[in-house]
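The lines below spell out each chain.
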Amino acid sequence: LGVVSRGLYDGGLSAQAVVTVRAGAAAALLLAAMLLLRPRALRVRLRDVPLFAAYGLVSVAAFYLLYFVTIQQLSVAAAAVLLYTAPAFVAVAAALTLGEPLTRIKLAALALTLAGCTLVAKAYEPAAFRGQLLGVLTGLGAGFTYGMYSIFGKHALKRYDPWVVQTYSLLAGAVPLLLLFGREAALAVARSPEALPALAYLALVTTLGAYGLYLTGLQSVEASHAAILSTVEPVVAAVL
């Protein structure tokens, strides 16, 4: 995700345009596929609509926007470390709402995860955070909203399969992004048609593919374990 996104930013596309196209295209493609192949699966209980609405608004729209503001305020390294406070939020929320035990081994893994992300991102310099209260707060907000993807997902997967969950969470997140930045995103794509293959990759691989795999894994793995395992991302990003 990071390597391709950086290339798009360097090519003149704004972060708002990229995340809006990513979420909007992924939601539209998945909805079309589900309507064509499994229309009956899209039926959900009325009382579950608020769950999906909160899922998309918090863990797609709010997460994308908070992380974008954080990157504007802080270095990318500092933003990454704040983002990967997510497993700690997940562990606490999973203990409170899902009954997942907060064991000593899990706490040790969380500490090692945060320390490892700090070292990989080289965000151990105090200057990375000094005088940037807004960036720190939005970074923690990004970590929280990112982490809630696992919590909302775990609750939704009790009644629906991963593709239904992903369809409605993406739709609920894409709509506010399109309302806020849809015009900007459309103009950006029109000005830069050469960016379409990279944008398609973001929608198909790093959104539909990655989220689909993650939600499938959540069916059989504790939310806190999944969140800790997902921090392989900064390691892979550093290698790439």
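Residues numbered from 1 in each chain as written. Predicted model: local features only at pLDDT ≥ 70, side-chain atom pairs only at ≥ 80, totals over all residues. Heavy atoms only, no water.

Draft legend 1. Region of interest: the overall build of the protein. Counting its regular elements, the protein contains 11 helices and zero strands. The helix and strand sequence of the protein, counted from the amino end, reads α-α-α-α-α-α-α-α-α-α-α. Put simply, the protein has 240 residues, and 45% of those count as buried. In the protein, of all internal contacts separated by at least 6 residues, the share reaching a separation of at least 24 is 88%. Only carbon and sulfur atoms are counted for the fraction: they give 71% of the accessible area of the protein, which is about 12000 Å². Treating the 16 positive side-chain charges of the protein as one cloud and the 9 negative ones as another, the clouds have centres 8 Å apart. (Helix = DSSP H or I, 4+ residues; strand = E, 2+ residues; numbered from the N terminus. Buried < 20%, exposed > 50% of the residue type's maximum accessible area, 1.4 Å probe, protein only. Contact = heavy atoms within 4.5 Å. Areas by Shrake-Rupley, 256 points an atom, 1.4 Å probe, with all protein chains shown as cover. Lys, Arg positive; Asp, Glu negative; His and termini not counted. Charge placed at Lys NZ, Arg CZ, Asp CG, Glu CD.)

Draft legend 2. Inspection of helix α5 (residues 86–97) at higher detail. A rise of 1.5 Å per residue sets the reference length of α5, with its 12 residues, at 16 Å; its end C-alpha atoms lie 16 Å apart and thus fit the reference within 8%. The complete set of buried residues in α5 reads Ala-86, Pro-87, Val-90, Ala-91, Ala-93 and Ala-94. Once α5 finishes, Gly-99 follows within two positions and takes phi at roughly 75°, a positive value. (Expected span 1.5 Å × (residues − 1).)

Draft legend 3. Expanded view of the nonpolar core. If you look at the biggest cluster of nonpolar residues, it comprises 45 residues, and the most contacted ones within it are Tyr-64, Tyr-67, Ile-151, Val-165 and Leu-215. For this core, the secondary structure elements donating two or more residues are α2 (15–37), α3 (49–73), α4 (76–83), α5, α7 (133–156), α8 (162–191), α9 (196–218) and α10 (223–229). If you tally residues by element for this core, the top one is α3, at eight residues. Filtering out sequence-adjacent residues up to four positions away, Val-165 remains in contact with Phe-52, Tyr-55, Ala-156, Leu-157, Tyr-160 and Leu-215. Formed by 10 residues, the second largest nonpolar core is a distinct cluster that contains Leu-13, Ala-17, Ala-188 and Ala-195. (Core = buried A, V, L, I, M, F, W, Y, C linked by side-chain atoms within 4.5 Å.)

Draft legend 4. Molecular detail of the pattern of salt bridges. All told, the structure shown has four salt bridges when counted by the stated rule. Note that Asp-48 and Arg-159 form a salt bridge whose closest N and O atoms lie 3.0 Å from each other. Within this pair, whereas Asp-48 is found in the loop between α2 and α3, its partner Arg-159 is found in the loop between α7 and α8, the two being separated by 111 residues in sequence. When the shortest N-O distance is used, the salt bridge between Glu-222 and Lys-106 registers 2.8 Å. Of this pair, Glu-222 sits in the loop between α9 and α10 while Lys-106 sits in helix α6 (residues 104–121), and the two are 116 residues apart along the sequence. Take Lys-106: its relative accessible area is 6%, and that puts it in the buried class. (Salt bridge = Lys/Arg side-chain N within 4 Å of Asp/Glu carboxyl O.)

Draft legend 5. Structural view of the packing of aromatic side chains. Across all of its chains, the model carries 11 aromatic pairs by this definition. Judged by centre distance (5.0 Å) and plane angle (20°), the rings of Phe-63 and Tyr-146 are stacked. Linking Phe-63 in helix α3 with Tyr-146 in helix α7, this pair joins segments that are 83 residues apart in sequence. Where Tyr-149 meets Tyr-211, the ring centres are 5.0 Å apart and the plane angle is 45°; that geometry is what we call tilted. Of this pair, Tyr-149 sits in helix α7 while Tyr-211 sits in helix α9, and the two are 62 residues apart along the sequence. For the pair Tyr-149 and Tyr-211, a shared accessibility class is recorded, and that class is buried. Here the aromatic cluster, defined as three or more aromatic residues joined through ring pairs, consists of Tyr-55, Tyr-149, Phe-152, Tyr-211 and Tyr-214. (Phe/Tyr/Trp six-rings, centres within 6.5 Å; stacked < 30°, edge-to-face > 60°.)

Draft legend 6. Molecular detail of the side chain of Ser-59. For Ser-59, the position within the fold is in helix α3. Within the structure, Ser-59 has its side chain in polar contact with the backbone oxygen of Thr-145 (distance 3.1 Å). In this structure Ser-59 touches Ala-54, Thr-145, Met-148, Tyr-149 and Phe-152, once residues within four positions along its chain are discounted. (Polar contact = N/O pair within 3.5 Å; in protein donor to acceptor, adjacent residues only side chain to side chain.)

Fair warning: the whole summary comes from geometry, so function is off the table for now.
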